[in-house]
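Here's the letter readout for the chains.
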Amino acid sequence: MKLPELNIGKFKVKVPIVQGGMSVRVSMASLAAAVAECGGIGTIGGSGIPIEQLKEEIRKAKQMTSGVIAVNIMFAVKQFTEAVKASIEAGVDMIVTGAGFSRDIFKVGKDYGVPIVSIVSSPEFGKLAEKLGAAAVVVEAKEAGGHLGTDRPLRELFPDVRKVVKKIPLIAAGGITDGIEIAEMISKFGADAVQMATRFVLTKECDVAEGFKRAYLNAREEDVMVIDSPVGMPGRAIWNSFLKKYYDKEQVYDGKCREGCLKSCNKNYCIINRLMMSRDGDTDEGLVFSGENVWKIKDVPSVKELFDRLVEEAESVYTCDPSLVKA
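These numbers were taken from a predicted model, which means no experiment stands behind them.

**Student:** Tell me about the overall build of the protein chain, and please be specific about residues and values.
**Tutor:** On a plain count of helices and strands, the protein chain comes out with 12 helices and 13 strands. What you see for the protein chain is a C-alpha radius of gyration of 18 Å, in line with the 20 Å of a compact globule of 327 residues. Expressed as lengths along the three principal axes of its C-alpha atoms, the size of the protein chain is roughly 55 × 45 × 40 Å. Restricting the contact set of the protein chain to residue pairs at least 6 apart, pairs at least 24 apart contribute 64%.

**Student:** Now, about the packing of aromatic side chains: what can you tell me, with residues and values included?
**Tutor:** Taken as a whole, this structure holds 8 aromatic pairs when the rule is applied. Centre to centre, the rings of Phe 75 and Phe 80 are 5.1 Å apart; their planes meet at 85 degrees, and the pair counts as edge-to-face. On the basis of relative accessibility, which here comes to 23%, the residue Phe 75 falls in the partly exposed class. On the accessibility criterion, Phe 80 (4% relative accessible area) is buried.

**Student:** Hey, could you go over helix α11 (residues 271-279) for me, with residue numbers and the actual values?
**Tutor:** Since there are 3.6 residues in each turn of an α-helix, residues three or four apart along the chain are aligned in direction. The element α11 is extensively covered by neighbouring structure, given that 7 of its 9 residues are classed as buried. Residues of α11 that are buried: Ile 271, Ile 272, Arg 274, Leu 275, Met 276, Ser 278 and Arg 279. On the buried face of α11, the contacting elements are β9 (146-147), α9 (210-218) and α10 (241-247). In the segment just after α11, Gly 281 is the residue with positive phi, at about 115 degrees.

**Student:** Tell me what's going on with the pattern of salt bridges, and back it up with residues and numbers.
**Tutor:** In total, this model carries 23 salt bridges according to the counting rule given. With a shortest N-O distance of 3.7 Å, Lys 55 and Glu 52 are connected by a salt bridge. Placement of both Lys 55 and Glu 52 in helix α2 (residues 51-64) is noted, with a separation of 3 residues, approximately one turn of the helix. We classify Lys 55 as buried; its relative accessible area is 8%. With a relative accessible area of 53%, Glu 52 lands in the exposed category. The network of salt bridges with shared partners includes Arg 152, Glu 156, Asp 160 and Lys 163.

**Student:** Can you tell me about the environment of Thr 43, naming the residues and giving the values?
**Tutor:** Relative to the helices and strands, Thr 43 is located in strand β4 (residues 41-45). Distance in space between the C-alpha atoms of Thr 43 and Val 96 is 8.4 Å, their sequence separation being 53 residues. Residues contacting Thr 43, with those up to four places away along its chain left out, are Val 18, Gln 19, Gly 20, Gly 21, Ser 27, Ala 32, Ala 70, Val 71 and Asn 72. A distance of 2.7 Å separates a polar atom in the side chain of Thr 43 from the backbone oxygen of Gln 19.

**Student:** Explain the sheet that holds β9 residue by residue, including any values.
**Tutor:** An order of β9-β13-β12 is seen for the 3 strands of this open sheet, with the pairing classed as antiparallel. At either margin of the open sheet sits one strand with a lone partner, and together these are β9 and β12 (224-228). Judged from the 2 bridges that link them, β9 and strand β13 (residues 234-238) form a sheet pairing that is antiparallel. Pairing of His 147 across the sheet is with Gly 235, part of β13.

**Student:** Just give me the short version of helix α6 (residues 154-164), but keep the residues and values in it.
**Tutor:** Listed as buried for α6 are Leu 154, Leu 157, Phe 158 and Val 161. Across the axial projection of α6, the buried residues extend over an arc of 100 degrees, all falling on one side. Contacts made by the buried residues of α6 are with α5 (123-132), β8 (136-140), β10 (170-173) and α7 (179-188).

**Student:** A description of the pairing of β12 should follow, citing residues and the corresponding values.
**Tutor:** Working note: regular strand, side chains alternate between the two faces of the sheet. Bridging between β12 and β13 involves 5 bridges; their strand directions are antiparallel. By the bridge assignment for β13, Val 226 is matched with Arg 236. The loop that links β12 with its antiparallel partner β13 comprises 5 residues; one of these, Gly 232, has a positive phi angle of about 95 degrees.

**Student:** Lay out the nonpolar core with the relevant residues and their values.
**Tutor:** Counting residues in each nonpolar core, the largest one holds 101 residues, and the members touching the most others are Ile 17, Phe 158, Ile 182, Met 185, Phe 200, Tyr 269 and Leu 287. Sequence-distant contacts of Phe 200, defined by excluding residues within four places in its chain, comprise Ile 17, Gln 19, Leu 31, Val 35, Cys 206, Val 303, Leu 306 and Phe 307.

**Student:** Lay out the environment of Arg 309 with the relevant residues and their values.
**Tutor:** When you line up the elements, Arg 309 lands in helix α12 (residues 303-317). A sequence separation of 131 residues divides Arg 309 from Asp 178, and the C-alpha atoms of the two residues are 8.4 Å apart. If we skip the residues at most four places from it in the chain, Arg 309 touches Arg 199, Asp 299 and Pro 301.

**Student:** I'd love a proper account of the packing of α5 against α6, names of residues and values included.
**Tutor:** The contact between α5 and α6 brings their axes to 8 Å, and the two run at 35 degrees. For the pair α5 and α6, the crossing hand works out as right-handed. Where α5 approaches α6, its residues Pro 123, Gly 126, Lys 127 and Glu 130 are matched on the opposing element by Leu 157, Asp 160, Val 161 and Val 164. Partitioned by chemical class, the residues of the contact of α5 with α6 number 4 nonpolar, 1 polar and 3 charged.

**Student:** With reference to specific residues and values, describe a positive patch on the surface.
**Tutor:** On the surface, a cluster of positive charge is contributed by Arg 103, Lys 127, Lys 131 and Lys 166. Within the element layout of this structure, Lys 127 appears in helix α5.

Reading guide: rules and limits
- Residues numbered from 1 in each chain as written.
- Predicted model: local features only at pLDDT ≥ 70, side-chain atom pairs only at ≥ 80, totals over all residues.
- Heavy atoms only, no water.
- Helix = DSSP H or I, 4+ residues; strand = E, 2+ residues; numbered from the N terminus.
- Rg over C-alpha atoms; globule rule 2.2 N^0.38 Å.
- Contact = heavy atoms within 4.5 Å.
- Phe/Tyr/Trp six-rings, centres within 6.5 Å; stacked < 30°, edge-to-face > 60°.
- Buried < 20%, exposed > 50% of the residue type's maximum accessible area, 1.4 Å probe, protein only.
- Salt bridge = Lys/Arg side-chain N within 4 Å of Asp/Glu carboxyl O.
- Polar contact = N/O pair within 3.5 Å; in protein donor to acceptor, adjacent residues only side chain to side chain.
- Pairing = 2+ DSSP bridges.
- Arc of directions from axis to C-beta.
- Core = buried A, V, L, I, M, F, W, Y, C linked by side-chain atoms within 4.5 Å.
- Axes fitted to C-alpha atoms, helices over the stretch in contact; angles between N-to-C directions.
- Left-handed = near helix turned anticlockwise from the far one by under 90°.
- Nonpolar A, V, L, I, M, F, W, Y, C, P; charged D, E, K, R; others polar.
- Patch = residues over 30% accessible without salt bridge, like charges linked within 9 Å, V, L, I, M, F, W, Y side chains within 5 Å.
- Areas by Shrake-Rupley, 256 points an atom, 1.4 Å probe, with all protein chains shown as cover.
- Lys, Arg positive; Asp, Glu negative; His and termini not counted.
- Charge placed at Lys NZ, Arg CZ, Asp CG, Glu CD.

Here you go:
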């Protein structure tokens, strides 16, 4: 059975797959445009990048596709409002925001006619986001990569949020890697769509260094762990030499903040620099964020090849009768 379309604001999305926005130059125009061109929502990571470059990436992506392009901007960054308004000025279709909760963003979205999608990790914030005017809500569970807002697994958390978010699309995120899980979340759990980030790093269009992709391909289940982040939230990453030094109490930071990127930073190390190091290929001394199930992924297809596979897998088991889904 054919998967349902996703409607967010004025946008109708043919395939209910949202590519998660991975910041510090991991998901950029090439990846986001390829996803949008396949009928999903392509998302540019809007944090850890100069605002002018962010605007350039949005314009580039919009030139490459007629599909839907979003930008993900962490509320934790100092230039949050500036980045949101710059993205709108550059022509982005929708704003996705998490790593904290902004009430003011909904007025900005309403003033400019741009849908705001909130990433939440609790029923309380899901209900609040809907009340304040979110066009959709992403439920991000503990299996996700990067910064985490909960220790609850997706299949436990999602139903609780589904009970209180009833009028807008609810999107499931965290640890989803294949089409069978997509069908499960939509049919069995009532999701309107899924968000996938880690899976899209291992595509040809994701323009991170090959060393970064190898770190994903070589990851074992036991290598993926929850760590401390200077943002003040836990994060999920792949164990490496840098993390070993950090947890062995070795000096990994000189205490001099050169980026000034966060509203609040505990300065135990510079997260922007460490994420950039891994993005550029130094996965021994950089910080390698990933989802909990990265170890399951063992190939690097094009985005179109991946989309075709995901849709075929999902539609092979998708049904409007939840009792028939093969979980």
